[in-house]
Structure formats: C-alpha cells, structure tokens
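Structure at a glance
Given next are the chains, with one letter for each unit.
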Amino acid sequence: EVQLVESGGGLVQAGGSLRLSCAAFGFSFDDYAIGWFRQAPGKEPEGVSCISTRAGMTYYADSVKGRFTLSSDNAKNTVYLQMNSLQPEDTAVYYCVAGGCPKPYPGMDYWGKGTLVVVSS
C-alpha cells in the first residue's frame, strides 16, 4: 500500500538548481519520517535530508547544508528538496525514503524507485 514516487531529476550545469518532489501514498507524515537519500555510482546510499515530525527533527548532511532545503505539504503528502548551487559531486540517484531518518531502517522503511540527478562542470 505504501508507495513513494519521485520526480524532478535531470541534467544541470554546476551552480544550477533543481527541485525534487516525492508524492507519498498509503501513509501520513505523522506516521513516518520522510526525506531523501542519494547513491552515487559505486557508493553506499547517503542520507541527504529528512524530517521527523514526531521527533521535531530536521536533518541535513554536512555536504548539503546551506545549499539544499527540505519542505513538505502534509495535506498533499508531498515532500520537496530544493537543491541550489549544485556541484558535480551531487550527481547521484536520489531516493525518497519513509521510515528511515537520518539512517535507513532495513525491513521497516520504504524507498521510491529514485530520480537521477546529473551535474555537469
């Protein structure tokens, strides 16, 4: 029943911006933390940003602080990641994740299929 659908990825030049969206189905943000992981080629998944409403906590990886902003529309069960000042090292598949914040929760979390972000220099 739980489903996460990402959109907004693409190709952008260094210094540019993208806005990712994640539409969530089958649950409320009151029930699960929600946010984003990314996985670069040959690397392990990395937590980017997430929010836990119940815990009152918002997380940003050090590598994206000051550049990325997480926001949500709880009525629409949609979360966004505004990514500014993108750099080539931001290139990765970005996954929307529910139930794992700021780290995965294997067997209990939910992952979308991902959206590819490529930053050229």
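Residues numbered from 1 in each chain as written. Predicted model: local features only at pLDDT ≥ 70, side-chain atom pairs only at ≥ 80, totals over all residues. Heavy atoms only, no water.

Between Cys-101 and Pro-102 the backbone carries a cis peptide bond, its omega angle lying at 0°. Tracing the chain through its elements places Pro-102 in the loop between strand S9 (92-98) and strand S10 (110-111). In this structure, Asn-77 takes a positive phi of about 50° despite not being glycine. The residue Asn-77 is located in the loop between strand S7 (68-73) and strand S8 (78-83) in this model. The residue Ser-85 is not glycine, and still its phi comes out positive at about 50°. Tracing the backbone shows Ser-85 in the loop between S8 and S9. For Ser-85, a relative accessible area of 36% corresponds to the partly exposed category. (Helix = DSSP H or I, 4+ residues; strand = E, 2+ residues; numbered from the N terminus. Buried < 20%, exposed > 50% of the residue type's maximum accessible area, 1.4 Å probe, protein only.)

Here Glu-6 is to be found in strand S1 (residues 3-7). There is a polar contact of 3.2 Å between the side chain of Glu-6 and the backbone nitrogen of Lys-113. Sequence-distant contacts of Glu-6, that is, excluding residues within four places in its chain, are made with Ser-21, Cys-22, Trp-36, Tyr-94, Tyr-95, Cys-96, Gly-112, Lys-113, Gly-114 and Thr-115. (Polar contact = N/O pair within 3.5 Å; in protein donor to acceptor, adjacent residues only side chain to side chain. Contact = heavy atoms within 4.5 Å.)

Summed over the entire model, instances satisfying the criterion amount to 2 disulfides. Residue pairing for Cys-22: its cysteine sulfur links by disulfide to Cys-96, the two sulfurs lying 2.0 Å apart. Looking down the S-S bond of the Cys-22 and Cys-96 bridge, the torsion is -80°, so its handedness is left-handed. Of this pair, Cys-22 sits in strand S3 (residues 18-25) while Cys-96 sits in strand S9, and the two are 74 residues apart along the sequence. Summarising the burial analysis for this pair, Cys-22 and Cys-96 share the class buried. Sulfur-sulfur distance for the disulfide between Cys-50 and Cys-101 comes to 2.1 Å. Here Cys-50 and Cys-101 share a disulfide; its torsion about the S-S bond, 85°, makes the bridge right-handed. Of this pair, Cys-50 sits in strand S5 (residues 46-52) while Cys-101 sits in the loop between S9 and S10, and the two are 51 residues apart along the sequence. For the pair Cys-50 and Cys-101, one class covers both residues: buried. If the cysteines joined by disulfides in the protein chain are listed in sequence order, their pairing comes out as 1-3, 2-4. (Disulfide = S-S within 2.5 Å.)

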